[in-house]
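Each chain, letter by letter, is given below.
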Amino acid sequence: MLLPRILRPIAARPAPLSTTFTRIVLPIRTRCLSTTVEPSESITEPIPPPPSSSEPATQESPGPALSESPESQTKKPLALPYFIGRNSLNNFSVYHKNKRGGNLKLTVLKRGEGDLLALKQDIMEALQLPRGDVTLNSVTRQIVIRGHRKLQVLNFLYTLGF
């Protein structure tokens, strides 16, 4: 005969209340809005020895050659009027979107900051798109591109150095 539910023995024991919960604190990544690289002041160029009187004076001094070489070695990124942020997984927010029953395919670029009109113009030039295919939603600050062009947009962003 079956016992009522209240009278049945409990199969699992309850967890003891003495267990303490630990909270893990992870560091928060900060976003760098600067796209320029400042040279480090700790790196110094070696000072050439003063020319001695026994060496001929026709030799070129190594001073100008050394000052030109660090400038040619360091490649400074472009100072762009816009910035594209990344999401919490360190990816760009570029998404495919289907509308009108899948007949209209769109690509949406989110997390843009700064002069988005300049970004729109650069995307149109880089992807060789007509003017009507790239629009800027000024309310949501998103750039909407006709067609599924996620890989092309990501390639464009990577080549800019974001």
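Check the entry above for the structure.
Presented here is a report on the structure given in the accompanying data block. (Residues numbered from 1 in each chain as written. Predicted model: local features only at pLDDT ≥ 70, side-chain atom pairs only at ≥ 80, totals over all residues. Heavy atoms only, no water.)

A positive phi angle, near 55°, is found at R100, a position not held by glycine. Note on placement: R100 falls in the loop between β2 (94-99) and β3 (104-109). For R100, a relative accessible area of 66% gives the class exposed. (Helix = DSSP H or I, 4+ residues; strand = E, 2+ residues; numbered from the N terminus. Buried < 20%, exposed > 50% of the residue type's maximum accessible area, 1.4 Å probe, protein only.)

Moving on to the side chain of S93. Relative to the helices and strands, S93 is located in the loop between β1 (82-84) and β2. There is a polar contact of 3.3 Å between the side chain of S93 and the side chain of R111. (Polar contact = N/O pair within 3.5 Å; in protein donor to acceptor, adjacent residues only side chain to side chain.)

Our next topic: the sheet that holds strand β5 (residues 134-137). On the basis of which strands lie adjacent, the open sheet formed by four strands has the order β2-β3-β6-β5 and antiparallel pairing. The open sheet has two edge strands with one neighbour each: β2 and β5. Across the sheet, the axes of successive neighbouring strands diverge by a mean angle of 30°, strand direction being ignored. Where β5 meets strand β6 (residues 142-146), four bridges bridge the pair, whose relative direction is antiparallel. Bridge assignment links V134 to a residue of β6, and that residue is I145. Taken strand by strand, helix α2 (residues 116-127) contacts β3, β5 and β6, and its axis lies near 165° from that of β5. Set on the sheet, helix α3 (residues 150-160) makes contact with β2, β3 and β6; between it and β2 the angle comes to about 155°. (Pairing = 2+ DSSP bridges. Axes fitted to C-alpha atoms, helices over the stretch in contact; angles between N-to-C directions. Contact = heavy atoms within 4.5 Å.)

Compared with an ideal rise of 1.5 Å per residue, which puts twelve residues at 16 Å, α2 spans 16 Å between its outermost C-alpha atoms and is within 8% of the ideal. When α2 is considered as a whole, its buried residues turn out to be L116, A118, L119, K120, I123, M124 and L127. Buried residues along α2 sit against β1, β3, β4 (112-114), β5, β6 and α3. Immediately beyond the C-terminal end of α2, within one or two residues, lies Q128, with a positive phi of roughly 55°. (Expected span 1.5 Å × (residues − 1).)

On to the environment of D133, then. Relative to the assigned elements, D133 resides in the loop between α2 and β5. In this structure the C-alpha to C-alpha distance between D133 and G147, which are 14 residues apart in sequence, comes to 8.4 Å. Those residues in contact with D133 that lie beyond four places of it in its chain are V144, I145 and R146.

Let us look at the pairing of β2. The two faces of the sheet receive side chains in turn, since in a regular strand these alternate between them. Of the strand pairs in this sheet, β2 and β3 are connected by six bridges, and their pairing is antiparallel. Bridge assignment links H96 to a residue of β3, and that residue is T107. Connecting β2 to the antiparallel partner β3 that follows it, the hairpin turn spans four residues, and R100 within it adopts a positive phi of roughly 55°.

Let's shift gears to the nonpolar core. Counting residues in each nonpolar core, the largest one holds 21 residues, and the members touching the most others are L109, L119, I123 and L157. If you list the elements that add at least two residues to this core, you get β1, α2, β6 and α3. Considering each element in turn, this core owes the most residues, six residues, to α2. Residue contacts for L157: discarding those within four places in its chain leaves I84, F92, V94, L109 and F162. (Core = buried A, V, L, I, M, F, W, Y, C linked by side-chain atoms within 4.5 Å.)

Look at α2 against α3: their axes get within 11 Å of each other, and the N-to-C directions meet at 110°. In terms of their interaxial angle, α2 and α3 are classed as roughly perpendicular. The crossing of α2 and α3 is right-handed. Note on element contacts: α3 touches α2 through Q152, V153 and F156, opposite L119, D122, I123, A126 and L127. Across the contact of α2 with α3, the residue classes break down as six nonpolar, one polar and one charged. (Parallel < 35°, antiparallel > 145°, perpendicular 65-115°, else oblique. Left-handed = near helix turned anticlockwise from the far one by under 90°. Nonpolar A, V, L, I, M, F, W, Y, C, P; charged D, E, K, R; others polar.)

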